[in-house]
Amino acid sequence: MALRFLRYTEASIIMQQRIRSTTVLCVRRDGKVVMAADGQVTLGHEVLKATARKLRRLYNDKIVAGFAGSTADAFSLFARFEAKLEQFNGNLPRSVVELAKDWRTDKILRHLEALLLVADVANTFIVSGNGDVIEPDENVAAIGSGGPFAHSAATALMRHTKLTARQITEESMKIAGKTCIYTNDNVTYEELA
């Protein structure tokens, strides 16, 4: 009986621990789009990986996408999203709406725990598992545990400096990395122009 209780307790602890990770930031300025993501993956109080790649170029390198949440779930979403991009000839607004519809109604997809931040030269969208497609009001968008920190820093830099999109992204990711314990300074960048 004690052994069975121990297994249940261990399973409960593991199930309660969530993989937390990520700051993904997208900034657009002067015809350039820069997306950045840190490399840290955390389970509970442990850093499992410091060099994860959370950004991907899609549809002949015309679209960049980043994810926050479960890695396996994000890869499933990337595959579905790529299929939507192919189906709709790279039309990003249509592809994200169709992905969100599937995500909301498909029994398997509904349980995925991830967010996507996607951009092309003209559009930026956040896609959530609730079926939400959010187009930011300003030229800054962010997701993940460090997203609010990076978003705030980027918004301030956009309003009060003449820095380039890349410089704003770099500075904002540094701030998020120093503020959010689930974000590190191993950052990858993708640019569209």
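Bear in mind the structure is a predicted one, so any value in this text is a computation, not a measurement. (Residues numbered from 1 in each chain as written. Predicted model: local features only at pLDDT ≥ 70, side-chain atom pairs only at ≥ 80, totals over all residues. Heavy atoms only, no water.)

Below, the discussion takes up the sheet that holds strand β11 (residues 140–143). With antiparallel pairing, four strands are arranged side by side in an open sheet as β11-β2-β3-β12. The open sheet has two free edges, formed respectively by β11 and β12 (187–192), since each of these has just one partner strand. Ignoring which end each strand starts from, the neighbouring axes of this sheet average 15 degrees apart. Relative to β11, strand β2 (residues 24–29) runs antiparallel, the two sharing four bridges. Of the residues in β11, the one forming a bridge with V24 is I143. (Pairing = 2+ DSSP bridges. Helix = DSSP H or I, 4+ residues; strand = E, 2+ residues; numbered from the N terminus. Axes fitted to C-alpha atoms, helices over the stretch in contact; angles between N-to-C directions.)

Our next topic: helix α3 (residues 92–105). With 14 residues, α3 should reach 20 Å at 1.5 Å per residue; the first-to-last C-alpha distance of 20 Å fits that figure. L92, S95, V96, E98, L99, A100 and W103 are the residues of α3 that are buried. Contacts made by the buried residues of α3 are with β7 (63–69), α2 (71–87), β8 (114–119), β9 (124–127) and β10 (133–134). In this structure N91 caps α3, since a side-chain oxygen of it lies 3.1 Å from the backbone nitrogen of R94. (Expected span 1.5 Å × (residues − 1). Buried < 20%, exposed > 50% of the residue type's maximum accessible area, 1.4 Å probe, protein only. Contact = heavy atoms within 4.5 Å. Polar contact = N/O pair within 3.5 Å; in protein donor to acceptor, adjacent residues only side chain to side chain.)

Quick look at the sheet that holds β10 now. A sheet is described by the order of its strands in space; here five strands give the open sequence β6-β7-β8-β9-β10, paired in antiparallel fashion. Only two strands of the sheet have a single neighbouring strand rather than two, namely β6 (55–58) and β10. With six bridges joining them, β7 and β8 adopt antiparallel strand pairing. Directly across from A68, in β8, lies its bridge partner L115. Sitting on the sheet, α2 is in contact with β6, β7 and β8, with an inclination near 150 degrees to β7. Each of β7, β8, β9 and β10 is contacted by α3, which is oriented at about 5 degrees to β9, the strand it contacts most.

Quick look at the pairing of strand β3 (residues 32–38) now. The buried count for β3 comes to six of seven residues, which makes it a mostly enclosed element. As paired strands, β2 and β3 are joined by six bridges and run antiparallel to one another. Counted as the bridge partner of V24 is A37 from β3. With antiparallel pairing between neighbouring strands as the criterion, β2 and β3 make up a hairpin whose turn holds two residues, including D30 at a positive phi of roughly 50 degrees.

So yeah, pure geometry; function would need other evidence.
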